[in-house]
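Here's the letter readout for the chains.
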Amino acid sequence: MSKADELATKLKQTRQTSGDHAIDSWPVQVYELYHQIEVWLSPLTEVGLILRRNSTHVIESKPDGEIFDYAIDQLIIEGNSHTLTFDPVARFTADGEGRVEVHSKGKELALLRTVDEHGETHWWLQTIESSGQQPDAVALTEHNLLAVVQEGLEL
């Protein structure tokens, strides 16, 4: 490697911003969430619930105007002739460290990601109100997820 290549590599590493790292790690965080959901739903998939991933593309900007363009998957849950779509719409949010919207017939929910002082990720379930008011979020647990699936798929 030439000296110029070494310096270019070093410059590239120093130019990595926290926004770049946040975007790079966002799909990993979302896919870990999807994996946990798949584990919780495994008894249902054994009896016919369908889980699949759909590639999508997101363009978002931070409040400072920096624009990010990246590929990420949606998680689709199908059963009982209904569908739930987990759509990772934003990494940069005013109320957390990322947002995955949950679309179903008649009800819109969001999963909000927060990170505590120890660097641990926590996911919160919240109803999206058309009035613009945000109700309190509850921790995403197996029980809460199963309630969303039961209501969204009318099981």
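Use the structure listed above.
As the structure is a computational prediction, the values presented were derived from the model and not from experiment.

Draft legend 1. Molecular detail of the overall build of the protein. A tally of regular secondary structure across the protein gives four helices and seven strands. Across the protein, helices and strands are ordered from the amino to the carboxyl terminus as α-α-α-β-β-β-β-β-β-β-α. Here the protein has roughly 9,300 Å² of accessible surface; of this, 51% comes from carbon and sulfur atoms.

Draft legend 2. Representation of the sheet that holds strand S1 (residues 50-61) in the model. An order of S1-S2-S3-S4-S5-S6-S7 is seen for the seven strands of this open sheet, with the pairing classed as antiparallel. Only two strands of the sheet have a single partner each, and these edge strands are S1 and strand S7 (138-139). Looking at chain direction, S1 and strand S2 (residues 67-79) are connected through 12 bridges and run antiparallel. By the bridge assignment for S2, Glu60 is matched with Phe68.

Draft legend 3. Structural context of the environment of Leu145. Note that Leu145 resides in helix H4 (residues 142-152). You can call Leu145 buried: its relative accessible area is 2%. When sequence neighbours within four positions are dropped, the list of residues in contact with Leu145 reads Ile37, Trp40, Leu41, Phe86 and Leu140.

Draft legend 4. Spotlight on the environment of His143. Take His143: it is sitting in helix H4. Since its relative accessible area comes to 61%, His143 is described here as exposed. Taking the C-alpha atoms as reference points, His143 and Trp40, separated by 103 residues in sequence, lie 9.1 Å from one another.

Draft legend 5. Inspection of the environment of Val100 at higher detail. By the element assignment, Val100 lies in strand S4 (residues 99-104). Separated by 10 residues in the primary sequence, Val100 and Ala90 have C-alpha atoms spaced 7.1 Å apart.

Draft legend 6. Highlighting H4. Restricting attention to buried positions, one finds in H4 the residues Leu145, Val148, Val149 and Gly152. Along the axis of H4, the buried residues cluster in a sector spanning 95°; they form a single face.

Calculation criteria
- Residues numbered from 1 in each chain as written.
- Predicted model: local features only at pLDDT ≥ 70, side-chain atom pairs only at ≥ 80, totals over all residues.
- Heavy atoms only, no water.
- Helix = DSSP H or I, 4+ residues; strand = E, 2+ residues; numbered from the N terminus.
- Areas by Shrake-Rupley, 256 points an atom, 1.4 Å probe, with all protein chains shown as cover.
- Pairing = 2+ DSSP bridges.
- Buried < 20%, exposed > 50% of the residue type's maximum accessible area, 1.4 Å probe, protein only.
- Contact = heavy atoms within 4.5 Å.
- Arc of directions from axis to C-beta.

These values are about where atoms sit, not about what they do.
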